[in-house]
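Structural characterization, general
What follows is the residue order along each chain.
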Amino acid sequence: MKFKAKSGAASGSYEPIVIGEQEIVLTGLTLQQVSPGDRIVFSIDVNWIKPVHWDMGEMEISLRLGQPDGQVIYWTLETCYAKSRTRETFTWTAEKGETRFYLTVRSVDSRAILSGDFWLEGTVYAPS
């Protein structure tokens, strides 16, 4: 392991946020010591609920490269009936020594409320 960093917010440190159609940045993460070919293991953890007036909640979670509207390197669409804890781990190979990443969310029809912890963690490994 070359480097590890984590960014986000704990439950109770912010007021619940209704997630709408406009994509919003939850957190940014800067990784140091990244070289082309390094493996970066990302862990995403997002706790959310559905609004009362919907039968089902729905939220898109993306990880963007370089800037808040940069290239999407990871995307998932999550659904729930009441509340959800979305936990994802994936590996990405650095191409140019990229160091800045943004965790973003959006929900068409505002079918999600961010209500708990959210974290983005990245661990950098040299090529094996």
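First, a word on scope: everything that follows refers to the structure included in this document. Computed from a prediction, not measured in an experiment: that's the story for all the values here. (Residues numbered from 1 in each chain as written. Predicted model: local features only at pLDDT ≥ 70, side-chain atom pairs only at ≥ 80, totals over all residues. Heavy atoms only, no water.)

1. Things to note about the overall build of the protein
The criterion, for reference: Counting from the N terminus, the helices are the DSSP runs of H or I reaching at least four residues and the strands are the DSSP runs of E reaching at least two. With the radius of gyration taken over C-alpha atoms, the globule rule is written as 2.2 Å times the number of residues to the power 0.38.
Scanning the protein from terminus to terminus reveals zero helices and nine strands. The helix and strand sequence of the protein, counted from the amino end, reads β-β-β-β-β-β-β-β-β. Here the C-alpha radius of gyration of the protein, 15 Å, is about what a compact globule of 128 residues would show, namely 14 Å. Viewed in the frame of its principal axes, the protein has a C-alpha envelope of about 50 × 25 × 20 Å.

2. Examining the pairing of strand β9 (residues 112-125)
Condition: The cut-offs for exposure are 20% and 50% of the maximum accessible area for each residue type, with area from a 1.4 Å probe on protein chains only; residues under the lower value are buried, those over the upper are exposed, and the others partly exposed. Here, a strand pair is defined by DSSP locating no fewer than two bridges between the strands.
The buried count for β9 comes to 10 of 14 residues, which makes it a mostly enclosed element. As defined by bridge partners, strand β1 (residues 3-9) adjoins β9 across seven bridges and the pair is classed as antiparallel. By the bridge assignment, Ala 9 is partnered in β9 with Phe 118. With three bridges joining them, strand β2 (residues 17-19) and β9 adopt antiparallel strand pairing.

3. Notes on the sheet that holds strand β8 (residues 100-106)
Put simply, the test is: Axis definition: a line fit to C-alpha positions, over the contact stretch in the case of helices; interaxial angles, taken between N-to-C directions, run 0 to 180 degrees.
The sheet built from four strands is open, its strands ordered β3-β8-β5-β6 with antiparallel pairing. Two strands lie at the open edges of the sheet, namely β3 (24-30) and β6 (71-80), each paired on one side alone. The average angle at which neighbouring strand axes cross in this sheet is 15°, direction not considered. One ladder, built from six bridges, connects strand β5 (residues 57-65) with β8; its direction is antiparallel. Residue Glu 60 lies in a different strand from β8, and its bridge partner there is Arg 106.

4. A look at the packing of aromatic side chains
Convention followed: Only Phe, Tyr and Trp rings take part, Trp by its six-membered ring, and two of them pair if their centres are within 6.5 Å. Stacked means planes under 30 degrees apart, edge-to-face means over 60, and tilted covers everything else. Geometrically, a lysine NZ or arginine CZ counts as sitting over a ring once it is within 6 Å of the ring centre and also within 35 degrees of the ring normal.
Counted under the stated rule, the structure contains five aromatic pairs. Ring plane angle 65° and centroid distance 5.5 Å describe the contact between Tyr 14 and Phe 118, whose orientation is recorded as edge-to-face. With a gap of 104 residues between them, Tyr 14 in the loop between β1 and β2 and Phe 118 in strand β9 connect regions that are remote in the sequence. Of the residues examined, Tyr 14 reaches a relative accessible area of 18% and is grouped as buried. Summarising the aromatic geometry, the rings of Phe 42 and Phe 90 are spaced 5.3 Å apart at their centres and angled 25° between planes, so their arrangement reads as stacked. Taken as a pair, Phe 42 in strand β4 (residues 39-49) and Phe 90 in strand β7 (residues 83-93) lie far apart in primary sequence, 48 residues in all. Across the pair, exposure class does not vary: Phe 42 and Phe 90 are buried alike. An aromatic cluster of at least three residues, connected via ring pairs, comprises Phe 42, Tyr 74, Phe 90, Trp 92 and Phe 101. Over the ring of Trp 119 we find Lys 6, and its NZ or CZ is 4.9 Å from the ring centre.

5. Let's talk about the environment of Ile 113
What counts is decided by this rule: Throughout, a residue-residue contact means that at least one pair of heavy atoms, one from each residue, lies within 4.5 Å.
Note that Ile 113 resides in strand β9. Overall, Ile 113 belongs to the buried group, its relative accessible area being 16%. With 62 residues separating them in the primary sequence, Ile 113 and Pro 51 have C-alpha atoms 6.6 Å apart. Not counting the four nearest positions on each side in its chain, Ile 113 is found in contact with Pro 16, Ile 17, Val 18, Trp 48, Ile 49 and Pro 51.

Geometric descriptors of this kind do not, in isolation, establish any biological role.
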